[in-house]
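# Remarks on the overall topology
The lines below spell out each chain.
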Amino acid sequence: MIRFENLRKTYGHVEALKGISLHVGEGELFSYLGPNGSGKTTTIKILTGLAVPSAGDAWIHGFHIEKESLHAKRQCGLVTQNINLDNELTVAENLHLHGKLFQMKRKERAERIHELLHYIEIADRMDSPVKSLSGGMKRRVMIARALMHSPRVLFLDEPTAGLDPAIRRRIWSLVKNIQQSGTTIFLTTHYIEEAEFLADRVAFLNEGKIAALDTPQNLMEGLGIWALDRVADQEMQTSFFRDREEANRHIAAREGSFSLRRVNLEDVFIAITGKKVME
Ligand code: ADP
Ligand code: MG
């Protein structure tokens, strides 16, 4: 559904993407994970036609993003990192505007708006100005707007950044629901637990390159099952074990305070990028 090969992007002297290749299957919920500045937004901008790659090719549902850009764009729904709704217009008016851009007829737009606003549980705020909504509601309206023209792929660029945990979980269940309705999802995030919870597969992006690519389960099992944290000299050291007994023997043979837990995706990221001391 999404395929890109050797994608590169340079901004002046900054090499934001250093040759990335990836294939995302139909109906997949794919998470693109990386720290700030690693190139997540740049990738999404290129795939949705908002930026031109310096080199490389990409296809959305078989349409080349540059040579068949109109067809490619038609397949994409985009929820940008920054909220870009028109604050002065109502929720419904924002959605109507988007539908018009995609040549949807008035009746078709009205029906779709009705359906989507019920879906995101905001139907009662249809005629409220966007400026009166909370941050979480605005995010949901952004998602509804991106779905107006029934795209095959939904790009979500950090859809839960800055939201409190309860609202974040509400967005997660909405995203899962959208996937279950058959839409392919490409989600960027710097919240590792978000990817661990939602994604079928994840790519770790580090300094413009893919550092790892697999299912969360496989990535975690590659490291171990148990993680043992030990604080020594004010520094946290983590060791990984397949076997709980082995971890217990490790504790018994050493001084200090330990805490044993399951391996998580964050451990994988630290192990790959080497951004924390490991034993
Ligand atoms: P992320 O979304 O992962 O935080 P970005 O894709 O926004 O990362 O940025 C990747 C790198 O490219 C960063 O070093 C950023 O400063 C740089 N960059 C992004 N957009 C521009 C731009 N329009 N002009 C110059 N540099 C940019
Ligand atoms: Mg970004």
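### A look at the overall build of the protein chain
Within the protein chain, the secondary structure is distributed over ten helices and 13 strands. Along the first, second and third principal axes, the C-alpha set of the protein chain runs to 75 × 45 × 30 Å. By residue count, 47% of the 279 residues in the protein chain fall in the buried class. Relative to all contacts within the protein chain whose residues are 6 or more apart in sequence, the contacts with residues 24 or more apart total 66%. On the protein chain, roughly 13700 Å² of surface is accessible, and the fraction owed to carbon and sulfur atoms is 48%. Separation of charge centres in the protein chain, based on 37 positive and 36 negative side chains, amounts to 5 Å.

### Some details on the side chain of E194
With respect to the helices, strands and loops of the structure, E194 is situated in helix 7 (residues 192-198). For the buried E194, which has no salt bridge, the nearest side chain bearing the opposite charge is R168, at an N-O separation of 4.6 Å. If sequence neighbours within four positions are ignored, E194 has contacts with P159, T160, R168, W172, L187, T189 and A199.

### Quick word on the coordination of the magnesium ion (ligand 2)
For the magnesium ion (ligand 2), every protein donor is listed as T41 (OG1) and Q81 (OE1), and the spread of their distances is 2.0 to 2.4 Å. Here the residue T41 occupies a position in helix 1 (residues 40-47), and Q81 occupies one in the loop between strand 6 (76-79) and helix 3 (91-101), the gap between them amounting to 40 residues.

### Remarks on the sheet that holds strand 2 (residues 14-24)
The strand order across the open sheet built from four strands is 2-1-4-5, with neighbouring strands paired in antiparallel fashion. The sheet is open, and its two edges are formed by strand 2 and strand 5 (63-64), each paired on a single side. Where strand 4 (residues 55-60) lies against strand 5, two bridges are found, and the strand directions are antiparallel. Along strand 5, the bridge assignment pairs I60 with F63.

### Observations regarding unusual backbone geometry
What you tend to see is this: most non-glycine residues have negative phi, and most peptide bonds are trans. Despite not being glycine, N6 shows a phi value in the positive range, around 50°. By the secondary structure assignment, N6 is in strand 1 (residues 2-11). Its identity is not glycine, yet E121 carries a phi of approximately 60°, on the positive side. Along the chain, the position of E121 falls in the loop between helix 4 (106-119) and helix 5 (135-147).

About the thresholds
- Residues numbered from 1 in each chain as written.
- Chains lettered and ligands numbered in written order.
- Predicted model: local features only at pLDDT ≥ 70, side-chain atom pairs only at ≥ 80, totals over all residues.
- Heavy atoms only, no water.
- Helix = DSSP H or I, 4+ residues; strand = E, 2+ residues; numbered from the N terminus.
- Buried < 20%, exposed > 50% of the residue type's maximum accessible area, 1.4 Å probe, protein only.
- Contact = heavy atoms within 4.5 Å.
- Areas by Shrake-Rupley, 256 points an atom, 1.4 Å probe, with all protein chains shown as cover.
- Lys, Arg positive; Asp, Glu negative; His and termini not counted.
- Charge placed at Lys NZ, Arg CZ, Asp CG, Glu CD.
- Salt bridge = Lys/Arg side-chain N within 4 Å of Asp/Glu carboxyl O.
- Donors = N, O, S within 2.8 Å, 3.2 Å for Na, K, Ca; no water.
- Pairing = 2+ DSSP bridges.

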